[in-house]
Amino acid sequence: MCANTMNSNISIAILQQYDVAGPRYTSYPTADRFVEAHGEAQFIQSLEERKVSARAMTSPLSLYVHIPFCASLCYYCACNKIITGNYQKAMDYLGDIKREIDLLLPHLGQSQTVSQVHLGGGTPTYFKDAELSDLMQLLQSAFQWQVGGEYAIEVDPRTVNDERLHHLWAMGFNRLSLGIQDFDPKVQEAVHRMQSFDQVSALIDTARGIGFSSINLDLIYGLPKQTISGWHNTLDSVLQLRPERLALYGYAHLPARFKPQRHIDSTALPIAAQKITMLTMALQRMKDAGYVYIGMDHFALPQDSISVAKRQGRLHRNFQGYSTRPDGDLLGLGVSSIGSMGASYVQNTKSLDEYSDLLHQGKLPVVKGVALTRDDLARRSIIMALMCQGRVEMADIEETHLLNFESYFSRELIQLKAFVAPGLVKLDAYSIEVTSHGWYVVRAIAMVFDKYVQADGQRAHFSKIL
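### Focus: unusual backbone geometry
Then, number 1: With an omega dihedral of -5°, the bond running from tyrosine 28 to proline 29 counts as a cis peptide bond.
Then, number 2: Mapped onto the elements, proline 29 comes out in the loop between helix H1 (12–18) and helix H2 (40–51).
Then, number 3: Following glycine 121, the chain continues to glycine 122 via a peptide bond in cis, the omega torsion being 20°.
Then, number 4: Its place among the elements puts glycine 122 in the loop between strand E4 (112–121) and helix H5 (129–142).

### Focus: the confidence of the model for the protein chain
Then, number 1: In this model, the protein chain carries an average pLDDT of 92, and 95% of its residues clear a pLDDT of 70 or more.
Then, number 2: Note on residues 1–7: pLDDT under 50 across the span, and 26 contacts to partners over four residues away in sequence or across chains.

### A word on the nonpolar core
Then, number 1: By size, the foremost hydrophobic cluster in this structure holds 125 residues, and its most contacted members are Leu139, Phe143, Leu168, Leu331, Phe405, Ile432 and Phe449.
Then, number 2: The element contributing the most residues to this core is helix H4 (residues 87–108), with nine residues.
Then, number 3: Not counting residues within four places of it along the chain, the set of residues in contact with phenylalanine 143 comprises Leu61, Leu63, Leu105, Leu108, Gln112, Val114 and Leu331.
Then, number 4: Counting residues in each nonpolar core, the second largest holds twelve residues, with Leu73, Cys77, Tyr251 and Ile264 among its members.

### Observations concerning helix H9 (residues 228–241)
Then, number 1: With 14 residues, H9 extends 20 Å between its outermost C-alpha atoms, agreeing within 8% with the 20 Å of an ideal straight helix rising 1.5 Å per residue.
Then, number 2: Listed in full, the buried residues belonging to H9 are Gly230, Trp231, Thr234, Leu235, Ser237, Val238, Leu239 and Leu241.
Then, number 3: Buried positions along H9 lie against strand E6 (175–181), helix H8 (197–210), strand E7 (214–221), strand E8 (245–250) and helix H10 (272–288).

### Observations concerning the pattern of salt bridges
Then, number 1: Under the definition given, this model contains 20 salt bridges.
Then, number 2: Where aspartate 102 meets lysine 98, a salt bridge forms, and the shortest distance between an N and an O atom there is 3.0 Å. With aspartate 102 and lysine 98 both in helix H4, this residue pair falls four residues apart, about one helical turn.
Then, number 3: Classification of lysine 98 by relative accessible area gives partly exposed; the value is 41%.
Then, number 4: Here lysine 451 makes a salt bridge to aspartate 375, at a shortest N to O gap of 3.2 Å. Residue lysine 451 is found in helix H18 (residues 451–456), and its partner aspartate 375 is found in helix H13 (residues 374–388); the two are separated by 76 residues along the sequence.
Then, number 5: Judged by relative accessible area, which is 13%, aspartate 375 ranks as buried.

### Concerning the packing of H4 against H5
Then, number 1: Where H4 meets H5, the axes come as close as 11 Å, and the angle between the chain directions of the two elements is 0°. As judged from the angle between their axes, H4 and H5 are roughly parallel. Contacts between H4 and H5 involve Tyr87, Met91, Leu94, Ile97, Lys98, Ile101 and Leu105 from the former and Glu131, Asp134, Leu135, Leu138, Leu139 and Ala142 from the latter.
Then, number 2: Grouping the amino acids of the contact of H4 with H5 by side-chain chemistry returns ten nonpolar, no polar and three charged.

### Quick word on the packing of aromatic side chains
Then, number 1: Taken as a whole and assessed by the stated rule, the structure comprises 16 aromatic pairs.
Then, number 2: Judged by centre distance (4.9 Å) and plane angle (50°), the rings of phenylalanine 405 and phenylalanine 409 are tilted.
Then, number 3: In this structure an aromatic cluster arises from ring pairing among Phe69, Tyr87, Tyr93, Tyr126 and Tyr355.
Then, number 4: Over the ring of tyrosine 87 we find lysine 128; its NZ or CZ atom is 4.6 Å from the centre of that ring.
Then, number 5: Note that arginine 317 overlies the ring of tyrosine 322, its terminal NZ or CZ placed 4.5 Å from the centroid.

### What to know about the state of the cysteines
Then, number 1: Within this structure, the stated rule accounts for zero disulfides.
Then, number 2: Among the cysteines around cysteine 77, which has no disulfide bond, cysteine 79 carries the closest sulfur, lying 3.8 Å off.
Then, number 3: Judged by relative accessible area, cysteine 77 falls into the buried class, the value being 14%.

### Notes on H13
Within an α-helix, residues lying three or four positions from one another point in the same direction, as the helix has 3.6 residues per turn.
Then, number 1: Its 15 residues give H13 an end-to-end C-alpha distance of 21 Å, which sits within 8% of 21 Å, the value for a rise of 1.5 Å per residue.
Then, number 2: By the criterion of burial, H13 is predominantly enclosed, with twelve of the 15 residues buried.
Then, number 3: Those residues of H13 that fall on the buried side of the exposure criterion are Asp375, Asp376, Ala378, Arg379, Arg380, Ile382, Ile383, Met384, Ala385, Leu386, Met387 and Cys388.

### Considering the side chain of aspartate 304
Then, number 1: Positionally, aspartate 304 belongs in the loop between strand E10 (298–300) and helix H11 (305–311).
Then, number 2: A polar contact of 2.9 Å, which involves the side chain of aspartate 304, links it to the side chain of serine 214.
Then, number 3: With near-sequence residues (within four places) excluded, aspartate 304 lies in contact with Arg175, Ser214, Glu244 and Arg245.

### What about the pairing of strand E1 (residues 61–67)?
Then, number 1: Among the seven residues in E1, seven count as buried, and that is most of the element.
Then, number 2: On E1, burial covers both faces: Leu61, Leu63, Val65 and Ile67 on one face and Ser62, Tyr64 and His66 on the other are all buried.
Then, number 3: Bridging between E1 and E4 involves seven bridges; their strand directions are parallel. Among the inter-strand pairings, isoleucine 67 is bridged to a residue of E4, identified as glycine 121.
Then, number 4: Pairing between E1 and strand E13 (residues 330–333): four bridges, direction parallel. Across the sheet, the residue bridging to valine 65 is leucine 333, located in E13.

Cut-offs used in this document
- For every chain, the first residue of the written sequence is number 1, and numbering continues from 1 along that sequence.
- It should be noted that, the model being predicted, local features are given only for residues of pLDDT at least 70 and side-chain atom pairs only at 80 or more, the latter also being counted only at that level, while totals for whole chains, interfaces and linings use all residues.
- Side-chain metrics in this entry use all non-hydrogen atoms of the structure; hydrogen atoms and water are not considered.
- Strands are runs of DSSP state E lasting at least two residues, helices are runs of H or I lasting at least four, and both sets are numbered from the N terminus onward.
- pLDDT is a per-residue confidence score from the predictor, ranging from 0 to 100.
- In this analysis, two residues are considered to be in contact whenever any of their non-hydrogen atoms come within 4.5 Å of each other.
- Nine residue types can take part in a nonpolar core, namely buried Ala, Val, Leu, Ile, Met, Phe, Trp, Tyr and Cys, and a core is a set of them joined through side-chain atoms within 4.5 Å.
- Buried, partly exposed and exposed residues are distinguished by accessible area as a fraction of the type maximum, computed with a 1.4 Å probe on protein chains only: under 20%, between the cut-offs, and over 50%, respectively.
- Any helix carries an expected span of 1.5 Å times its number of residues minus one.
- Whenever a carboxyl oxygen of Asp or Glu lies within 4 Å of a side-chain nitrogen of Lys or Arg, that contact is scored as a salt bridge.
- Angular values range over 0 to 180 degrees, each being the angle between N-to-C directions of two axes fitted as lines to C-alpha atoms, with helices fitted over their stretch in contact.
- Here the angle decides the label: under 35 degrees means roughly parallel, over 145 means roughly antiparallel, 65 to 115 means roughly perpendicular, and every other value means oblique.
- Only Asp, Glu, Lys and Arg are considered charged in this grouping, and only Ala, Val, Leu, Ile, Met, Phe, Trp, Tyr, Cys and Pro are considered nonpolar; every other residue, Gly among them, is considered polar.
- A pair of Phe, Tyr and Trp rings is counted when the ring centres sit within 6.5 Å of each other, with Trp represented by its six-membered ring. The angle between the planes then sorts it: under 30 degrees is stacked, over 60 is edge-to-face, the rest tilted.
- Should the NZ of a Lys or the CZ of an Arg lie within 6 Å of a ring centre and within 35 degrees of the ring normal, that charge is described as sitting over the ring.
- Sulfur atoms of two cysteines make up a disulfide when they are within 2.5 Å.
- Whenever two N or O atoms come within 3.5 Å, that pair is a polar contact, provided that in protein one can donate a hydrogen and the other can accept it, and provided that, for residues adjacent in sequence, both atoms are side-chain atoms.
- Between any two strands, at least two bridges found by DSSP are needed for them to pair.

Okay, structure coming up:
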């Protein structure tokens with residue numbers, strides 16, 4: 001097996017060479033390849049196929065519910081969100097999610113087992129306790145929740161207190177993800193998201209006392225006003241909190257695509273060399289503190305379930321990132337949600353008005369998607385193996401997809417040699433392995449097998465790797 005941790009002694013020149021734009025590979029093909037020709041009718045067919053297949057009995061569903069509302073704007077944010085003080089919009093949205101479920105169930109079948117639920121946003125805790133309870137009761141009545149499943153919610157620390165944490169636990173959540181980004185007040189002011197260390201620390205203490213089994217913190221490097229010394233202090237604070245999981249993202253400044261980022265002073269952004277220093281500092285600090293490198297941006301303590309899945313070769317990746325659950329069907333609910341059903345992907349409309357209009361017309365709000373070809377399935381297997389385990393066994397691909405690896409991927413094997421010389425990949429006649437240095441640029445390695453990126457080279461709409 002490949003190394004679980006990253007080696008911070010990689011040269012800056014190598015990092016700069018491979019710091020290119022590329023997909024995060026929460027799916028393959030990636031969402032930019034979805035087409036309008038794959039819409040509601042194709043999605044219904046996929047649902048009907050699951051209903052009569054063995055998957056319905058042997059493979060539990062995962063659910064993702066997108067809550068787009070926020071009370072205030074975070075300038076760095078690239079998510080699909082709606083900033084509003086009109087709470088009636090949230091109430092109406094809850095009714096629309098019920099309509100979506102009511103339209104889905106006849107095609108999907110009643111009492112489908114669910115082993116993983118994730119509420120994301122936006123800010124799911126924008127909902128008041130009563131509405132969150134209504135949403136959870138709706139999901140629990142429509143689906144059979146598996147004992148011991150993972151039931152997570154993204155939390156803005158500014159929107160919860162001890163009482164709300166107790167309420168989240170009572171509703172069935174057992175995992176929390178808190179958006180921190182940075183503890184430096186100057187950085188927080190620059191991105192319009194103020195929250196103190198003491199506030200976050202108190203919430204985590206309460207959550208652990210209640211019984212939440214895994215708490216994740218999100219950090220971002222490359223934000224305006226970040227300095228090397230300030231970032232070092234933020235890492236000190238984070239490691240003092242010792243969350244079970246950590247997500248470390250590089251900020252991608254794309255103001256032409258994401259309007260909130262136009263509030264950010266681009267002259268206050270750290271330069272590329274500073275970002276790389278922040279990244280290497282964080283990686284070394286995480287390693288020294290005993291965290292396991294899960295893949296790409298994610299770390300976990302050795303006893304956390306995602307670290308166990310990594311060690312046992314059970315790690316998977318979907319639209320919510322890394323997952324401990326077996327690769328299976330994912331049902332996306334709400335505006336802009338993406339789902340995976342069989343050998344296809346679908347996405348709901350990104351417009352709240354269109355989402356509501358379609359549902360009131362009795363139509364599912366799916367507006368685009370893609371059916372995977374035989375070639376897509378083979379490449380997806382390789383890319384996900386690289387992203388999750390850092391290793392591809394060629395014989396496994398040959399047996400599963402009925403092809404000769406050396407001849408089918410002859411061009412890709414030649415391209416991989418460029419990663420061998422600098423020690424990023426180990427390649428022999430039987431396997432491909434990402435080295436400890438290679439984990440820095442695993443997205444670039446995976447891109448070698450991305451037929452679409454290789455064909456047109458259009459990467460401007462993706463974030464950079466580092």
